[in-house]
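An overview of the molecular structure
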Amino acid sequence: MKRAIVLSGGGGKGAYQIGFWKAIRELDISYDIVTGTSIGALNGAFMVQGNYRDAFKLWYYMDYNQVFDGGIDGSYYTSKGKRKVILKYAKGAAKGGLSVPGLENIIKENLRPSLFYSSNVDYGLVTVKFPSLKPVMLTKDKIKEELLPDYLLASASCFPAFKMKEINKESYIDGGYYDNMPVDLAIKMGASEIIGVDLRAPGKRRKIKSQDISLTMISPKNNIGNFLVLEKSQTRRAIKLGYNDTMKVFGKFEGNYFTFKKGSLNRNFRRIKDYFYGVLSAYVDPKVSKGKYKKIYDNDKESYFNNVLENLMKAFELEDITVYRASYVNSLLKRKLKKEKSSTYSILKKTIKNGKLSKAFINKEMICYIYDELNKSNHLNKKISNLLTLFPDSFLCAVYLKAIMR
């Protein structure tokens, strides 16, 4: 049995794959084949070599200056900086794409042909000829050593943002124009088990032809940024999320959008559930209730209960890169709740009265408003009934807060 790692393209999102690599190193997961497209081809070459520390350092300090001349002054995540980034790429596209001498230097400085070709790990990449758009899929044994840096650049030539790469008088562009997630290439190379890292970036995805494989896919549920952004804040966040998500997929951590120590959520459920359902039973009759809130009484109570906790974490803007214990999250929520002032809900009350809020509306203000209403009455009344019907998710979050604030 051969295990393959398949890495998608995704530009600046590629740091996520370094977090994945960190995780599988800790999990002692070996691999026989690596295939990749675009930035996945570059990260894949590093994985073949095994020089994790160099790759981690590269991504940890990544910025525009390392990739193309002049760099960009400012951050994409400010209005002024965003205009600069968009303008930089737009001007480059108008001239046939930005030159990327920095990326060429990165490859030269970090690629170790002796390690790459002596490695027992096989390798494949995808690029596309231009203008024919003919796909080119190359394996390690088909890539001449002196042309390896060129083909890595060719696979990552995100035209028209970046210039095409010319090799032997032929032009090449990003492999994502044909297959941004080269699973089939890995299968052709003999893989029977695949672990894929999909960055969910623009690019074509081919239908997987073979079904006789074990396929594990890892992809970000949280926002890891724009694929054209190369900033330390984004890449460092992506590394952490890539690590957390991988550990969750392999059962070492748990959670959905947030990450918890293994077993922490179950302990929290067992500790809180009686109080939670005790509060809820004062307002909801599971035999007659309809709507989203009825799910809390379904068979998979713990899973839905955990979703309520994560909704609260989103609403109170807890960091999503931290590995939590649920008990600590409860402490954070209690502290944050105590700082809230009911006087801030006056506008919210008027908005509810005017019926302008969406049924799916859920945020901190709504949750705290419902929480205050629950504290005013320990039984169902018309106002609470309306809140329960209109805002079931926020209502359950308020019930959770009431349960932990006992």
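Residues numbered from 1 in each chain as written. Predicted model: local features only at pLDDT ≥ 70, side-chain atom pairs only at ≥ 80, totals over all residues. Heavy atoms only, no water.

1. Remarks on the overall build of the chain
What counts is decided by this rule: Each helix is a run of H or I in the DSSP string that is no shorter than four residues. Each strand is a run of E no shorter than two, and both are numbered from the N terminus. Each residue gets one of three labels from its accessible area relative to the maximum for its type: buried under 20%, exposed over 50%, partly exposed in between, using a 1.4 Å probe on protein chains only. Residues are treated as being in contact if the distance between any of their heavy atoms lies within 4.5 Å. Only the protein chains shown count as cover for residues, and the accessible areas themselves come from Shrake-Rupley with a 1.4 Å probe.
Check the secondary structure of the chain and you find 16 helices and 11 strands. Buried residues in the chain amount to 50% of all 406 residues. Taking all contacts inside the chain whose residues are at least 6 apart in sequence as the whole, residues at least 24 apart take part in 70%. A total of about 19700 Å² of accessible surface is found on the chain, and carbon and sulfur atoms cover 50% of it.

2. A look at the pattern of salt bridges
Two side chains of opposite charge can pair, provided their charged atoms sit close to one another. Stated formally: Between Lys or Arg on one side and Asp or Glu on the other, a salt bridge is scored when a side-chain nitrogen of the former is within 4 Å of a carboxyl oxygen of the latter.
Here the structure, examined in full by the defined rule, presents nine salt bridges. In this structure, the salt-bridge partner of Arg 205 is Asp 198, at a minimum N-O distance of 2.7 Å. On the accessibility criterion, Arg 205 (38% relative accessible area) is partly exposed. For Asp 198, a relative accessible area of 10% puts it in the buried group.

3. Some remarks on the pairing of strand β2 (residues 33-37)
Let me state the cut-off plainly: One bridge is not enough; two strands pair if DSSP finds at least two bridges between them. When the strands point away from the viewer and the path from the first strand over the helix to the second turns clockwise, the crossover is right-handed.
For β2, the buried fraction is high: five of the five residues fall into the buried class. The side-chain alternation of β2 yields two buried faces, one formed by Ile 33, Thr 35 and Thr 37 and the other by Val 34 and Gly 36. Where strand β1 (residues 3-7) lies against β2, four bridges are found, and the strand directions are parallel. Opposite Ala 4, over in β2, you have Ile 33 as the bridge partner. Read from β1 through helix α1 (residues 15-26) to β2, the crossover connection turns out right-handed. Relative to strand β3 (residues 122-130), β2 runs parallel, the two being bridged by five bridges. The residue of β3 that forms the bridge with Thr 35 is Gly 124.

4. Concerning the environment of Ile 370
The topology assignment puts Ile 370 in helix α14 (residues 364-376). In sequence terms Ile 370 and Ser 327 are 43 residues apart; their C-alpha atoms lie 23 Å from each other. If near-sequence neighbours (up to four positions away) are discounted, Ile 370 is found in contact with Leu 387, Phe 391, Ser 394, Phe 395 and Ala 398.

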